[in-house]
Amino acid sequence: MVNIIQAKIPAFKRPSKDVISALKDIGTATVAGSLGHAGFRNPHMVGPVSQYKGKSIVGTALTLQFMPQRPDLFAEGEYKDPEIQLHRHVLYEVEEGDVVVVDARGDMSSGVFGDMMSTYFKGRKGAGIVIDGVMRDKPNVDKLDLAIWLRGWTPNYHVQVSIWPSAVNVPVSCGGVMVIPGDIIMADDDGVVVLPQSMAEKVIEDSKKHAEWEVFSREKLTAGESLRRYYPLHPDAEEEYQAWRKAKGLPPSPSH
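Quick summary incoming for the structure in this document.

Cut-offs applied
- Residues numbered from 1 in each chain as written.
- Predicted model: local features only at pLDDT ≥ 70, side-chain atom pairs only at ≥ 80, totals over all residues.
- Heavy atoms only, no water.
- Helix = DSSP H or I, 4+ residues; strand = E, 2+ residues; numbered from the N terminus.
- Contact = heavy atoms within 4.5 Å.
- Expected span 1.5 Å × (residues − 1).
- Phe/Tyr/Trp six-rings, centres within 6.5 Å; stacked < 30°, edge-to-face > 60°.
- Patch = residues over 30% accessible without salt bridge, like charges linked within 9 Å, V, L, I, M, F, W, Y side chains within 5 Å.
- Areas by Shrake-Rupley, 256 points an atom, 1.4 Å probe, with all protein chains shown as cover.
- Salt bridge = Lys/Arg side-chain N within 4 Å of Asp/Glu carboxyl O.
- Buried < 20%, exposed > 50% of the residue type's maximum accessible area, 1.4 Å probe, protein only.
- Pairing = 2+ DSSP bridges.
- Axes fitted to C-alpha atoms, helices over the stretch in contact; angles between N-to-C directions.
- Parallel < 35°, antiparallel > 145°, perpendicular 65-115°, else oblique.
- Nonpolar A, V, L, I, M, F, W, Y, C, P; charged D, E, K, R; others polar.
- 1 Å grid on protein atoms, 1.4 Å probe; cavity = no way out; pocket = protein on both sides within 12 Å on 5 of 7 lines; lining within 4 Å.
- Points joined across faces, edges and corners; volume = space filled by probe spheres on them.
- Polar contact = N/O pair within 3.5 Å; in protein donor to acceptor, adjacent residues only side chain to side chain.

1. Things to note about the side chain of Ser 110
Here's step 1: With respect to the helices and strands, Ser 110 occurs in the loop between strand S3 (98–103) and helix H4 (115–123).
Here's step 2: Contacts of Ser 110, omitting those with residues within four sequence positions, involve Val 134, Thr 154, Asn 156, Tyr 157, His 158, Val 161, Ser 162 and Ile 163.

Written out as structure tokens, the structure reads:
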């Protein structure tokens, strides 16, 4: 048996708590739109969906990579030599507010984490779990009130069928999107988006402008006003929008 167990887990830089806090009231649709306009064509993970309606998270990505099993590299066993099982080691790295992102290759038969691992994750005060694959022990995990995005559930344990955990905190693909440790993961009922740290300030600024004129536009649309004029906000409505801001006690905003 060849030993290719990861010898050292790479370090990475976490975003500031102020940045994470500033992003918490921004929806994934707004983030995806802002990133799309900046050239990030699809930051949305296709596959993992929210398992608990109404949950939303913003946190720092830790990553776990799975690979296909090979008999010369892999020894089967749920409890055999637990410390070489890297799905445990990504959890050891969790700090408060972190999000564990797992490239499980879209596999629908290997439960990456179960009841006990999820309980430990909750005890570490992690923000959420995102897996391009499945988990197990749903009846017990349901009781933990975690924020989780998956493809589904299985009774099988993590290495029972065809994949095994091969690396922690390396770049991975999850739901067709590249995730680098330290990226900001944002997720809600719309899905999961990946926000590079370098784009966070732009997204925050874009969202402030977007949110304010959307409030104005929503008022107009609710009253049955013109969709052409108010969404997106037409230049002809700019003067009206600025007057609305003034009436609300808001400072003038840059023109759209």
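2. Quick look at helix H6 (residues 200–222)
Note on helix geometry: an α-helix contains 3.6 residues per turn, so any two residues three or four positions apart are oriented the same way.
Here's step 1: For H6, which comprises 23 residues, the first-to-last C-alpha distance of 31 Å matches the rise-based estimate of 33 Å (1.5 Å per residue) to within 8%.
Here's step 2: Tucked into the core, H6 has its buried residues touching helix H1 (17–23), helix H2 (28–37), strand S11 (184–188), strand S12 (191–195), helix H7 (227–230) and helix H8 (238–247).
Here's step 3: At the exit of H6 stands Gly 224, carrying a positive phi of roughly 85°.

3. Some thoughts on the packing of aromatic side chains
Here's step 1: Counted under the stated rule, the structure contains six aromatic pairs.
Here's step 2: Through a chain of ring-to-ring contacts, three or more aromatic side chains come together here, namely Phe 216, Tyr 230, Tyr 241 and Trp 244.

4. Comments concerning a nonpolar patch on the surface
Here's step 1: On the surface, a nonpolar cluster with roughly 280 Å² of combined accessible area is contributed by Leu 221, Leu 227 and Tyr 231.
Here's step 2: Take Leu 221: it is sitting in helix H6.

5. Topic: the pairing of strand S2 (residues 57–68)
Here's step 1: Across the twelve residues of S2, nine count as buried, placing the element largely inside the fold.
Here's step 2: As paired elements, S2 and S11 share four bridges and run antiparallel to each other. Counted as the bridge partner of Ile 57 is Ala 187 from S11.

6. Looking at the side chain of Ser 217
Here's step 1: Counting through the fold element by element, Ser 217 comes out in helix H6.
Here's step 2: Residue classification places Ser 217 among the buried positions, given a relative accessible area of 1%.
Here's step 3: Those residues in contact with Ser 217, other than ones at most four positions away along the chain, are Tyr 230 and Leu 233.

7. Concerning the pattern of salt bridges
Here's step 1: Within this structure, the stated rule accounts for twelve salt bridges.
Here's step 2: Of the charged contacts in the structure, one is a salt bridge between Asp 132 and Arg 151, with a shortest N-O distance of 2.4 Å. Placement of the pair is Asp 132 in the loop between strand S4 (128–131) and strand S5 (134–135) and Arg 151 in the loop between strand S6 (148–150) and strand S7 (152–153), with a sequence separation of 19 residues.
Here's step 3: Residue classification places Arg 151 among the partly exposed residues on the basis of a relative accessible area of 36%.
Here's step 4: Residues Arg 245 and Glu 212 are paired through a salt bridge, measuring 2.6 Å at the closest nitrogen-oxygen approach. Taken together, the positions of Arg 245 in helix H8 and Glu 212 in helix H6 put the pair 33 residues apart, joining distant regions of the chain.
Here's step 5: Since its relative accessible area comes to 3%, Arg 245 is described here as buried.
Here's step 6: In this structure Glu 212 comes out as partly exposed when scored by relative accessible area, which is 28%.

8. Description of the packing of H6 against H8
Here's step 1: With their axes 11 Å apart at the nearest point, H6 and H8 run at an angle of 105° to one another. Compared by their axis directions, H6 and H8 come out roughly perpendicular. In contact with Glu 212, Trp 213, Val 215, Phe 216, Glu 219 and Lys 220 of H6, H8 contributes Glu 240, Tyr 241, Trp 244 and Arg 245.
Here's step 2: Of the residues assigned to the contact of H6 with H8, the class counts are five nonpolar, no polar and five charged.

9. Considerations on the layout of surface pockets
Here's step 1: Of the pockets and cavities examined, the largest pocket occupies roughly 480 Å³.
Here's step 2: Considering the residues around the largest pocket, the lining is formed by 23 residues, among which Ile 20, Lys 24, Val 58, Gly 59 and Gly 97 are closest to the centre.
Here's step 3: Top contributing element to the lining of the largest pocket by residue count: S2, with four residues.
Here's step 4: Tallied by class, the residues present in the lining of the largest pocket amount to eight nonpolar, six polar and nine charged.

10. Focus: the environment of Ser 162
Here's step 1: When you line up the elements, Ser 162 lands in the loop between S7 and strand S8 (163–168).
Here's step 2: Of the residues examined, Ser 162 reaches a relative accessible area of 30% and is grouped as partly exposed.
Here's step 3: Ser 162 sits 50 residues away from Val 112 along the chain, and the two C-alpha atoms are 12 Å apart.
Here's step 4: Leaving out residues up to four positions away in the same chain, Ser 162 has contacts with Met 67, Pro 68, Gln 69, Asp 107, Ser 109 and Ser 110.
Here's step 5: Within the structure, Ser 162 has its side chain in polar contact with the side chain of Asp 107 (distance 3.0 Å).

11. Quick notes on unusual backbone geometry
For residues that are not glycine, phi is negative in most cases, and the peptide bond is trans in most cases.
Here's step 1: Here the bond from Tyr 231 into Pro 232 is cis, since omega is -10°, no more than 30 degrees from zero.
Here's step 2: Position of Pro 232 relative to the elements: it lies in the loop between H7 and H8.
Here's step 3: We note that Arg 105 has phi near 65°; this positive angle belongs to a residue other than glycine.
Here's step 4: The residue Asp 137 is not glycine, and still its phi comes out positive at about 65°.
Here's step 5: Among the structural elements, Asp 137 can be located in the loop between S5 and helix H5 (138–141).

By themselves these figures say nothing about function.
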